[in-house]
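# Structure assessment
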Amino acid sequence: MADVAISPRRRREIIDALRRGTVPQQGLDIMAVGLGRFEAAIDDELDAVKHGAAQFKAVRGEYGSGKTFFSRWLTERAKKKNFVTAEIQISETETPLYKLEKVYRRVVENLSTPTVSSGAFSDVIDGWLYVLGQDVQLAGRPDAADLEIRTDELLEKRLASVSKEAPAFAMALRAYRQMSASSKNAEADALLAWLGGQPHVSASARRSAGVRGELDHFGALGFLQGLLTVLRDSDYAGLVLVLDEVETLQRMRSDVREKSLNALRQLMDEVDSGRFPGLYLLMTGTPAFYDGHQGVQRLAPLAQRLQTDFGTDARFDNPRATQIRLHGFTPDSLVELGSRVRDIYAAGTAAGERIHAVVGDAYIADLAAAVAGELGGRTGVAPRVFLKKLVADVLDRVDQFPDFDPREHYELTLGASELTDVEREAQTRGDLRAALSVDDVDLGF
C-alpha cells in the first residue's frame, strides 16, 4: 500500500477531477509516473528564472501522452518555489495567439498564486501596493502628506523600466492606488480591469488615470513586462505561463495561422532578448504541429529555434533542450498510475482495506488492458478513460456497496458520447481492424 499522506481536500479534488475525466489541478506530484527524468532540469530552469533569467520550453507529445498533466505538474512544482502561474488554451475565437492583448487578458483572468487558485490579479496588485507602502515607511517615518509623495516616487522608480515601453501601465497603477486610498471603489475596480486588459472600461475611469483607448497587441507585451515587475517586487519568484493546445493553429485559416506563428516567434525572441526577466514560458503541442507543414515548419525562423534532435534512443533525450518529448503511457506505467489512484482513493475511506483486497494490481492491469483494447490497443490514448472508469465505475461502487465485486458485477462499456474525438477515432480504427481480421475476410471460396 502506497504512502499517500495528503489532506482530505486535496484527495477529494484529485478524485473528483478523475471522476469527471479531467486532469486534477493539484496533487499531481503524487500521480507523476515517468516524469522523474525531467525533475532536475525543470528545477534548475525554475531556479534560474527566480534569479532573473527567462526561459522558453516546448513540450511535444501525441494525444494521451500527458501534455496537460505535465504542464500542471510543472506549475504545481513552480508554486512550491513561490511562482505565480497561468494556464491558457489557444483557440481561434477565445484566445487567438496573434492577438497578444487577448492572451494577456486570459493570463490575468487565470492568474494563480500559491494561495489563490484563480483570479489572483487583484490580490497581486494590492499586495504589491502594500509592500510599496511598507518599504516607504521602513525608510523613515513620513507624515501622511509626505507618505503619498514618497510612495509615488518609489512607484515611479520601480516601474521606470516599464514606463519606457508601457507608460500607461504605470499611470493606471498610480491612479488605481490613489482611487483605492480615496475609497473610490468603482473607479478603482474599473482601472484594475483596464490594467488586466479588459475591454469596454468606462471613458471616465480612463480619463482619471490619463490613459486612452484599449490595450492592443504591442501594448500587451509592455503590460506583461509590468506584471512581471510587480511580481518581482512582491517577492514572488516569477510567472510560469502555459500555452496549451497550440496545435489548434493547424486548423485555423492560413492567414490566422501565419500571424499566430509569427507572434509565437516574437514571444520567443523577446524571452531570448531578456525583456521578460522572471518569465517561464511553456507551450505544448503534438509532433504534427512541430514537424508538419501546417505548423511550426511554415515559419523557418521559428522552426530553427525549436529544432531538437530526436533521432537518438529516447533514453538519451536531453531534458534541458528547448523542446522535450513525452513518450506516453506503456501498459506497465498505466497500471502504476492506476495503483496510485487506487491508493489515494483508499486512504480517504473507511473501506480502504476492502478496496485494496478487491481492486488489486492484477485487476487494475486487466481493466487497463481492457480499456486500451477498446481503443484499438492504443495505450497512449487510454489514461483519461481508464482513470474515469476506475474511479466512477469501480472504486466508487466498491466503496459504497459491500457486496460489489468488479470481476463479477462490472463489464466495461465505452459509449461514443463519453469519448473525445481522438478516443472515438482510436475506437473506430480498432473496430475496423477487428472487422478485417484474417478470419473475417471473404476469400471468394
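Anything mentioned here points back to the structure above.
Summarised in this report is the structure supplied together with it.

Rules used throughout
- Note that residues are indexed from 1 along each chain, following the sequence as it is written.
- Local features in a predicted model are, by the rule used here, given only for residues with pLDDT of at least 70; side-chain atom pairs are given and counted only at 80 or more, and totals for whole chains, interfaces and linings are based on all residues.
- The side-chain quantities take in all heavy atoms of the structure and omit both hydrogens and water.
- All axes are obtained by fitting lines to C-alpha atoms, using only the stretch in contact for helices, and the reported angles, taken between N-to-C directions, cover 0 to 180 degrees.
- Going along the chain from the N terminus, every DSSP run of H or I of four or more residues is numbered as a helix, and every run of E of two or more is numbered as a strand.
- An angle below 35 degrees is read as roughly parallel, one above 145 as roughly antiparallel, one from 65 to 115 as roughly perpendicular, and any other as oblique.
- By convention the crossing between two helices is left-handed if the near helix lies anticlockwise of the far one by an angle smaller than a right angle, and right-handed if it lies clockwise.
- Residue contacts follow a heavy-atom distance rule, with two residues in contact if any of their heavy atoms lie within 4.5 Å.
- Three residue categories are used. Nonpolar comprises Ala, Val, Leu, Ile, Met, Phe, Trp, Tyr, Cys and Pro, charged comprises Asp, Glu, Lys and Arg, and polar comprises the others, including Gly.
- The rule is simple: take the accessible area with a 1.4 Å probe, protein chains only, and divide by the maximum for that residue type; under 20% is buried, over 50% is exposed, in between is partly exposed.
- To estimate how far a helix should reach, multiply one less than its number of residues by 1.5 Å.
- When DSSP finds two or more bridges between two strands, those strands count as paired.
- Take the buried residues of types Ala, Val, Leu, Ile, Met, Phe, Trp, Tyr and Cys, join any two whose side-chain atoms come within 4.5 Å, and each joined set is a nonpolar core.

Between helix H16 (residues 331–346) and helix H18 (residues 361–374), the least distance of the axes is 9 Å, while the angle of their chain directions is 125°. Overall, the two elements H16 and H18 adopt an arrangement that is oblique. For the pair H16 and H18, the crossing hand works out as right-handed. Where H16 approaches H18, its residues Leu-334, Val-335, Gly-338, Ser-339 and Arg-342 are matched on the opposing element by Asp-361, Ile-364, Ala-365 and Ala-368. When the residues that make up the contact of H16 with H18 are grouped by side-chain class, the tally is five nonpolar, two polar and two charged.

To continue, consider unusual backbone geometry. In this structure, Ser-183 is a non-glycine residue whose phi angle is positive, near 60°. Ser-183 sits in the exposed class, given a relative accessible area of 56%. Phi is positive for Glu-245, close to 60°, though the residue is something other than glycine. With respect to the element layout, Glu-245 can be found in the loop between strand E3 (239–244) and helix H13 (254–273).

Note that an α-helix has 3.6 residues per turn; residues three or four places apart therefore point the same way. Between its terminal C-alpha atoms H18 stretches 20 Å, which fits the 20 Å expected from 14 residues at 1.5 Å a residue. Among the residues of H18, Tyr-363, Ile-364, Leu-367, Ala-368, Val-371 and Ala-372 are the ones counted as buried. Elements that come into contact with the buried residues of H18 comprise H16, helix H17 (352–358), helix H19 (383–400) and helix H20 (406–409). Positioned one or two residues after H18, Gly-376 has a phi angle of 70°, which is positive.

Turning our eyes to something else, we now look at the sheet that holds strand E2 (residues 84–89). The five strands are arranged E2-E3-E4-E1-E5 in an open sheet whose pairing can be described as parallel. Each having just a single partner strand, E2 and strand E5 (323–325) make up the two edges of the open sheet. Here the average twist between neighbouring strands, direction ignored, is 20°. As paired elements, strand E1 (residues 55–60) and strand E4 (residues 279–285) share six bridges and run parallel to each other. Opposite Gln-55, over in E4, you have Tyr-280 as the bridge partner.

This part takes up the nonpolar core. Ranked by size, the top nonpolar core spans 74 residues in total, and within it Leu-239, Leu-243 and Met-283 carry the most contacts. The next biggest cluster of nonpolar side chains, apart from the first, holds 61 residues, and it includes Leu-28, Leu-35, Val-242 and Leu-412.

Moving on: the pairing of E2. Counting buried positions over the six residues of E2 gives five, a clear majority of the element. Note that E2 and E3 share six bridges and pair parallel. Residue pairing across strands places Thr-85 opposite Val-240, the latter belonging to E3.

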